[in-house]
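Geometric and topological summary
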Amino acid sequence: MRLDDERRNRLERNTKALAVETDARRQYDIAFQILSDCRALHLPVTQVLTVATAVQPVVPPVPSGSFICPECNRSFNSHHALCGHMSAHRK
Ligand SMILES: [Zn+2]
């Protein structure tokens with residue numbers, strides 16, 4: 001999907017930017033953007049943010065390995081569970 005490609009590219013750029021960024025406030029903004037993109041793409045946030053947390057612990061806490069619904073912020077243990085839940089929002 002085209003939108004997902006754009007998000008993935010931005011996610012990659014932001015993750016790299018976060019690794020070299022030195023200003024804490026700017027790091028937080030980038031980390032927040034990464035978090036939003038992860039949620040939009042249904043990626044396991046903690047996996048992608050390994051780089052971010054290694055640089056500085058400014059990332060909002062996320063339960064290990066969780067998949068978070070962008071609609072209502074509920075977390076799930078698997079992508080399958082999240083997708084099943086997401087169908088409830090499409091009615
Ligand atoms: Zn939901």
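Just so you know, these numbers come straight off a predicted model, no measurement behind them.

A separate point is the overall build of the chain. Secondary structure assignment for the chain yields five helices and two strands. The linear arrangement of helices and strands in the chain, starting from the amino end, is α-α-α-α-β-β-α. Expressed as a percentage of contacts within the chain between residues at least 6 apart in sequence, the contacts between residues at least 24 apart total 39%.

With 18 residues, helix α2 (residues 24–41) extends 25 Å from end C-alpha to end C-alpha; this agrees with the ideal 26 Å at 1.5 Å per step. Positioned one or two residues after α2, His42 has a phi angle of 60°, which is positive.

A word on the UniProt feature "domain: C2H2-type" (unreviewed entry) in the chain. Per the UniProt record, "domain: C2H2-type" (unreviewed entry) is found at residues 67–91. Each end of residues 67–91 is marked by a C-alpha atom, and these two atoms are 21 Å apart; helix forms 32% of the span and strand 16%.

What counts, and at which threshold
- Residues numbered from 1 in each chain as written.
- Predicted model: local features only at pLDDT ≥ 70, side-chain atom pairs only at ≥ 80, totals over all residues.
- Helix = DSSP H or I, 4+ residues; strand = E, 2+ residues; numbered from the N terminus.
- Contact = placed C-beta atoms within 7 Å.
- Expected span 1.5 Å × (residues − 1).
- UniProt positions renumbered as here; feature names shortened; annotations may be inferred.

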